[in-house]
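# Survey of secondary and tertiary structure
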Amino acid sequence: MDPETALLAQSAGVPLVTLMATDAWERTREGITQLWRRTQPHRAEAVAAELEATREDALAAGEADDQETLGELHLEWQGRLRRLLTAQPGVAVELRRLLDELEPRGATGLAVNQHASASGQARIYQAGRDQHNAER
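Numbers given for residues are sequential positions, taken from 1 along each chain in its written order. This being a predicted model, a pLDDT of at least 70 is required before a residue's local features are given, and a value of 80 or more before pairs of side-chain atoms are given or counted; all residues contribute to the totals for chains, interfaces and linings. Water and hydrogen atoms play no part in the side-chain values, which are based on all heavy atoms of the structure.

## Things to note about the nonpolar core
To qualify as a nonpolar core, a set must consist of buried Ala, Val, Leu, Ile, Met, Phe, Trp, Tyr and Cys residues joined through side-chain atoms within 4.5 Å. Under the scheme applied here, a residue whose accessible area is under 20% of the maximum for its type counts as buried, over 50% as exposed, and between as partly exposed, the area being computed with a 1.4 Å probe on protein chains only. In this structure, Ile32, Trp36, Leu51, Trp77, Leu85 and Leu95 are the most contacted members of the largest nonpolar core, which totals 29 residues. In this description a helix means any DSSP run of H or I spanning at least four residues, a strand means any run of E spanning at least two, and both kinds are numbered starting from the N terminus. Counting only elements with at least two residues in this core, the list comes to α1 (3–19), α2 (25–39), α3 (44–63), α4 (67–87) and α5 (91–102). Residues are treated as being in contact if the distance between any of their heavy atoms lies within 4.5 Å. Sequence-distant contacts of Leu85, that is, excluding residues within four places in its chain, are made with Met1, Thr5, Leu8, Ala9, Val91, Ala92 and Leu95.

## Section: the side chain of His74
Its place among the elements puts His74 in helix α4. His74 has contacts with Gly13, Val14, Val17 and Thr18, leaving out every residue within four places of it along the chain.

## Details of α4
A rise of 1.5 Å per residue sets the reference length of α4, with its 21 residues, at 30 Å; its end C-alpha atoms lie 30 Å apart and thus fit the reference within 8%. Contact partners of the buried residues in α4: α1, α2, α3 and α5. Expected helix span is computed as 1.5 Å times (number of residues minus one).

## Let's talk about the packing of aromatic side chains
Aromatic rings from Phe, Tyr and Trp, with only the six-membered ring used for Trp, were paired whenever their centres fell within 6.5 Å, and each pair was classed as stacked if the ring planes differed by under 30 degrees, edge-to-face if by over 60, and tilted otherwise. Across all of its chains, the model carries one aromatic pair by this definition. Arranged with centres 6.3 Å apart and planes meeting at 85 degrees, the rings of Trp36 and Trp77 form a pair that is edge-to-face. Taken together, the positions of Trp36 in helix α2 and Trp77 in helix α4 put the pair 41 residues apart, joining distant regions of the chain.

## Here we look at the packing of α1 against α4
Helix-helix packing is characterised by the crossing angle of the two axes and by the distance between the axes. Each axis is a line fitted through C-alpha atoms, taken for helices only over the stretch in contact, and angles between the N-to-C directions span 0 to 180 degrees. Packing of α1 against α4 brings their axes to within 7 Å, and their N-to-C directions diverge by 135 degrees. Judged by the inter-axis angle, α1 sits oblique to α4. The way α1 lies across α4 gives a crossing that is right-handed. Residues Thr5, Leu8, Ala9, Gln10, Ala12, Gly13, Val14, Leu16, Val17 and Thr18 of α1 lie in contact with α4, whose contacting residues are Leu70, Leu73, His74, Trp77, Gln78, Leu81, Arg82 and Leu85. Throughout this entry, Asp, Glu, Lys and Arg are counted as charged residues, while Ala, Val, Leu, Ile, Met, Phe, Trp, Tyr, Cys and Pro are counted as nonpolar. The remaining residues, Gly among them, count as polar. Per-class residue counts for the contact of α1 with α4 are 11 nonpolar, six polar and one charged. Working rule for angles: under 35 degrees goes down as roughly parallel, over 145 as roughly antiparallel, 65 to 115 as roughly perpendicular, anything else as oblique. Two helices that cross are described as forming a left-handed crossing if the nearer one is turned anticlockwise from the farther one by less than a right angle, and a right-handed crossing if clockwise.

## Points about α3
Its 20 residues place the ends of α3 29 Å apart at the C-alpha level, agreeing with the 28 Å of an ideal helix rising 1.5 Å per residue. The secondary structure elements touched by the buried residues of α3 are α1, α2 and α4. Asp65 sits one or two residues past α3 and shows a positive phi near 50 degrees.

## Structural notes on the pattern of salt bridges
Any carboxyl oxygen of Asp or Glu that lies within 4 Å of a side-chain nitrogen of Lys or Arg is treated as forming a salt bridge with it. Taken as a whole and assessed by the stated rule, the structure comprises nine salt bridges. In this structure, Arg29 and Glu52 form a salt bridge, with 2.6 Å as the shortest nitrogen-oxygen distance. Of this pair, Arg29 sits in helix α2 while Glu52 sits in helix α3, and the two are 23 residues apart along the sequence. With a closest N to O distance of 2.7 Å, Glu76 and Arg80 form a salt bridge. Placement of both Glu76 and Arg80 in helix α4 is noted, with a separation of four residues, approximately one turn of the helix. When its relative accessible area of 15% is taken as the criterion, Arg80 is described as buried. Residues joined by salt bridges that share partners form a network here, namely Arg43, Glu50, Glu76 and Arg80.

## Concerning unusual backbone geometry
The backbone of Asp65 sits at a positive phi, close to 50 degrees, despite the residue not being glycine. Structurally, the position occupied by Asp65 is in the loop between α3 and α4.

Set out below in structure tokens:
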């Protein structure tokens, strides 16, 4: 697996589980199920059922602020997506497109709270997403 695809597999679990608790759930379920339907049709219905079960667990964990369970769900889907991408590397483009469509620039509804304090000549750089610094 090339490094870019490996990184996609590694990072896709978090937004997938996060999207399960948003208004984008229906589209998320449909898109992920379609990926399996096209590449591993014999697994598609099982994956759809796993998505439903994971959504129930994610909603319960979110209500209970159970970060440990959410982390386990992220890792579980990270593994599933990694195995899919290993078996079907061409799916990477479709998966990336789907995630970009469903999660445009933080539209998952996640609240980002950042707190920092500095003293003297200290500098603080914070970002809710990507940050690029050209300062030297």
